[in-house]
Amino acid sequence: MDMDFVFKIAAMGIIVSILNQVLSRSGREEQATMTTLAGLVVVLMMIVQKISDLFDLVKALFAF
């Protein structure tokens, strides 16, 4: 696994947390929640892609 991938996830978390704080303090709790959920979905899609790549690699490794 590349360290770039870990840094992308960390950066996404930092950006989402900053947006969440800004929106919460301005009284927009619904938008803050939606921003958090959108960030979670984006990160989960990134992880699902990496897991799919892993399964393809394992399948290619054990193919005779």
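The rules we used
Residues numbered from 1 in each chain as written. Predicted model: local features only at pLDDT ≥ 70, side-chain atom pairs only at ≥ 80, totals over all residues. Heavy atoms only, no water. Helix = DSSP H or I, 4+ residues; strand = E, 2+ residues; numbered from the N terminus. Rg over C-alpha atoms; globule rule 2.2 N^0.38 Å. Buried < 20%, exposed > 50% of the residue type's maximum accessible area, 1.4 Å probe, protein only. Areas by Shrake-Rupley, 256 points an atom, 1.4 Å probe, with all protein chains shown as cover. Expected span 1.5 Å × (residues − 1). Contact = heavy atoms within 4.5 Å. Phe/Tyr/Trp six-rings, centres within 6.5 Å; stacked < 30°, edge-to-face > 60°. Lys NZ or Arg CZ within 6 Å of the ring centre and 35° of its normal. Axes fitted to C-alpha atoms, helices over the stretch in contact; angles between N-to-C directions. Parallel < 35°, antiparallel > 145°, perpendicular 65-115°, else oblique. Nonpolar A, V, L, I, M, F, W, Y, C, P; charged D, E, K, R; others polar.

A.B. asks: Explain the overall build of the protein to me, please; I cannot follow it from the model alone.
C.D. replies: When helices and strands are counted, the protein shows 2 helices and 0 strands. Relative to a compact globule of 64 residues, whose C-alpha radius of gyration would be 11 Å, the protein shows 16 Å and is clearly more extended. When its C-alpha atoms are laid out on the principal axes, the protein stretches across 60 × 20 × 5 Å. The proportion of buried residues among the 64 residues of the protein is 9%. Counting only carbon and sulfur atoms, one obtains 71% of the accessible surface of the protein, whose full area is about 5,400 Å².

A.B. asks: Looking at this structure, how should I read helix H2 (residues 29-61)?
C.D. replies: In an α-helix there are 3.6 residues to a turn, and that puts residues three or four apart on one side. With 33 residues, H2 extends 48 Å between its outermost C-alpha atoms, agreeing within 8% with the 48 Å of an ideal straight helix rising 1.5 Å per residue. Those residues of H2 that fall on the buried side of the exposure criterion are Ala32, Gly39 and Val43. Against helix H1 (3-25) lie the buried residues of H2.

A.B. asks: Please explain the packing of aromatic side chains as it appears in this structure.
C.D. replies: Working definition: an aromatic ring pair is given by the centre-to-centre distance plus the angle between the planes. This model, assessed by the stated rule, comprises 0 aromatic pairs. Cation over ring: lysine 50 sits above phenylalanine 5, and NZ or CZ is 5.3 Å from the ring centre.

A.B. asks: Help me out: how do you make sense of the packing of H1 against H2 in this one?
C.D. replies: Helices that pack against each other are described as a pair by the angle of their axes relative to one another and the distance between those axes. Where H1 meets H2, the axes come as close as 8 Å, and the angle between the chain directions of the two elements is 170°. For the element pair H1 / H2, the angle class is roughly antiparallel. Contacts between H1 and H2 involve Phe5, Lys8, Ile9, Met12, Val16, Leu19, Asn20, Leu23 and Ser24 from the first element and Glu29, Gln31, Ala32, Thr35, Thr36, Gly39, Val42, Val43, Met46, Ile47 and Lys50 from the second. Of the residues that constitute the contact of H1 with H2, the class distribution is 11 nonpolar, 6 polar and 3 charged.

A.B. asks: Sorry if this is basic, but what is going on with the environment of serine 17 here?
C.D. replies: Relative to the helices and strands, serine 17 resides in helix H1. Residue class for serine 17 comes out partly exposed when judged on its relative accessible area of 37%. As for serine 17 and threonine 36, which are separated by 19 residues in sequence, their C-alpha atoms are 7.5 Å apart.

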